[in-house]
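Architecture at a glance
Spelled out, the chains give:
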Number of protein chains: 2
Amino acid sequence: MKKAEATRFSILRKAFELIYTKGYQTTSIDDILATTKVTKGAFYYHFKNKDEMGLAIINEILKPNFAKNFIDPLKNDQDPIELIYNMMYHLLMENEFLKVEYGCPAANLTQEMAPWNERFAKALDELVNQWNKSLIATIEKGKKDGRIRQNVDAKQVTFFVMSGYWGIRNFGKLENNRSVYVSYLKELKNYLNSLR
Amino acid sequence: MKKAEATRFSILRKAFELIYTKGYQTTSIDDILATTKVTKGAFYYHFKNKDEMGLAIINEILKPNFAKNFIDPLKNDQDPIELIYNMMYHLLMENEFLKVEYGCPAANLTQEMAPWNERFAKALDELVNQWNKSLIATIEKGKKDGRIRQNVDAKQVTFFVMSGYWGIRNFGKLENNRSVYVSYLKELKNYLNSLR
DNA sequence: CTAAAAACATACTGAGTAGTATGTTTTGTT
DNA sequence: AACAAAACATACTACTCAGTATGTTTTTAG
């Protein structure tokens, strides 16, 4: 039962890469098979259909990656403002997994699938809610520690910060240049400092 | 030369609606023909191919709409902070053309097309640059009038604000609920006021 | 009114597409 | 080794897609 798991995972990995760069709809199963050297029989042995594979990508590829890069960095007792800024800086400037020209995988999938596939929307919403909760908790902790103003609304700030991230990712796609990230990050720092 | 223009425009209008709700790739020409009651011969008389139609949508549908809702509201001598906030409020809460479940048409197209179609990317970039310039001008004017701090970087703020808008539009898709807009707008107001 | 061009209509093509039917090979269990 | 189930392979189907070939109708200019 080990080789089969490897086959399944290799499909998910490669499919994710193709979908990240090309989009879900425009990535055909034949595309995936061609790059994985897996045959159609194997594919449909592991996945009931394309959508099941898509959901598996969210749950088995995106979710762990999200946890590592969006959640774990906040689990720390440093200054919350710095934690949030550093996470963003890392995501935008240092993470070699996320490419400027292809944006954010979760945002891409949301954009493409959420309006007409409830199951995708729900899976992605769960993903994003984890980030949401972590950010809120980080800010609330900062308020308790006296490092963030008491009249700051953690939920509002979180939506504001998350939106900015998704938006600048889309912007990067358009310009295909990290310079927009630099401007964004500078102003993000100003904004975050205004919460002190 | 009047009826033909009407046919062309009706194709663009209906195609835009379909693309806005379903996406560019997943909107087939046959879909467009079915809803417009135009035949394939007529379609290909007016447009060389699907991509030319897509570009026409950006230039002839999106651009005027963008000018009306994103540019013109800033051409005013009111307080720049209020101008920007009111524009955003109108876009998110009052504009009945833009639906929460379908996000921002320009952002959708950027997400879907920018990485692998240069002409779309360029056309969309022009569109967005106009908004960019208007926002920068608005902020610069505010600085001159003394209504915005002198050490505010207009370009940075503009990227930050635009990103937030695109991001919260994507968020709205996920939750399919304007309540995220409300949180976002409250925090946007806080942020904008911090620029005074 | 007439002829030519503009505007549209119909039927088709060839290349994908997701998914299936029906196999063969590999693996684990006894 | 033997057998069954798991894991994979191949060939196909029914359908959709963008685009074309070849018409017919409508408009416009003289």
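Residues numbered from 1 in each chain as written. Chains lettered and ligands numbered in written order. Predicted model: local features only at pLDDT ≥ 70, side-chain atom pairs only at ≥ 80, totals over all residues. Heavy atoms only, no water.

The subject of this paragraph is the protein's contact with DNA strand C. As a matter of local geometry, DNA strand C sits amid 17 residues, with A:Ile29, B:Thr7, B:Thr39, B:Tyr45 and B:His46 nearest to it. Take the atoms of DNA strand C that sit within 4 Å of the protein: sugar and phosphate atoms are 65% of them. Contacts to DNA strand C include A:Ser28, whose side-chain N or O atom sits 3.2 Å from a phosphate oxygen. In the environment of DNA strand C, a phosphate oxygen lies 3.3 Å from a nitrogen or oxygen atom belonging to the side chain of A:Tyr44. Top contributing element to the surface near DNA strand C by residue count: helix 3 (residues 40-46) of chain B, with five residues. Considering only residue class, the surface near DNA strand C consists of seven nonpolar, seven polar and three charged. (Near = heavy atom within 4 Å. Polar contact = N/O pair within 3.5 Å; in protein donor to acceptor, adjacent residues only side chain to side chain. Helix = DSSP H or I, 4+ residues; strand = E, 2+ residues; numbered from the N terminus. Nonpolar A, V, L, I, M, F, W, Y, C, P; charged D, E, K, R; others polar.)

With that out of the way, let us pick up the domain arrangement of chain A. Residues and elements named next belong to chain A. Taken domain by domain, chain A holds domain 1 (1-47) and domain 2 (49-193). Computed from C-alpha coordinates alone, the two centres of domain 1 and domain 2 are separated by 26 Å. Note on domain 1 versus domain 2: buried area summed over both sides is about 1,800 Å², and carbon and sulfur give 70% of it. Ranking the residues of domain 1 by area buried against domain 2 places Phe 16, Tyr 20 and Tyr 24 at the top, with a combined share of 44%. Scanning the region where domain 1 abuts domain 2 turns up one salt bridge. Of the charged contacts in the structure, one is a salt bridge between Glu 60 and Arg 8, with a shortest N-O distance of 2.5 Å. For the side of domain 1 that touches domain 2, the secondary-structure elements that each account for two or more residues are helix 1 (3-22), helix 2 (29-36) and helix 3 (40-46). With ten residues, the top contributor of residues to the side of domain 1 that touches domain 2 is helix 1. Residue composition of the side of domain 1 that touches domain 2, by class: 13 nonpolar, four polar and two charged. (Domains from an automatic or database assignment. Buried area = accessible area lost by both parts, 1.4 Å probe. Salt bridge = Lys/Arg side-chain N within 4 Å of Asp/Glu carboxyl O.)

Attention now goes to helix 9 (residues 179-193) of chain A. With 15 residues, helix 9 of chain A extends 22 Å between its outermost C-alpha atoms, agreeing within 8% with the 21 Å of an ideal straight helix rising 1.5 Å per residue. Of the residues making up helix 9 of chain A, those classed as buried are A:Val180, A:Tyr181, A:Ser183, A:Tyr184, A:Leu185, A:Glu187, A:Leu188, A:Tyr191 and A:Leu192. (Expected span 1.5 Å × (residues − 1). Buried < 20%, exposed > 50% of the residue type's maximum accessible area, 1.4 Å probe, protein only.)

As a further point, take the environment of A:Ile71. Residue and element names in this part refer to chain A. Inspection of the secondary structure puts Ile 71 in helix 4 (residues 50-71). Taking the C-alpha atoms as reference, Ile 71 lies 11 Å from Met 88; in sequence the two are 17 residues apart. With residues up to four places along the chain from it excluded, the contact list for Ile 71 reads Phe 66, Gln 130, Trp 131 and Ser 134. (Contact = heavy atoms within 4.5 Å.)

This paragraph deals with the packing of helix 8 (residues 154-175) of chain A against helix 8 (residues 154-175) of chain B. Across the interface, helix 8 of chain A lies against helix 8 of chain B with an axial gap of 6 Å and an inter-helix angle of 105°. What the angle tells us is that helix 8 of chain A and helix 8 of chain B run roughly perpendicular. Along its contact with helix 8 of chain A, which presents A:Phe159, A:Phe160, A:Met162, A:Ser163, A:Gly164, A:Trp166, A:Gly167, A:Ile168, A:Asn170, A:Phe171 and A:Leu174, the element helix 8 of chain B presents B:Phe159, B:Phe160, B:Met162, B:Ser163, B:Gly164, B:Trp166, B:Gly167, B:Ile168, B:Asn170, B:Phe171 and B:Leu174. (Axes fitted to C-alpha atoms, helices over the stretch in contact; angles between N-to-C directions. Parallel < 35°, antiparallel > 145°, perpendicular 65-115°, else oblique.)

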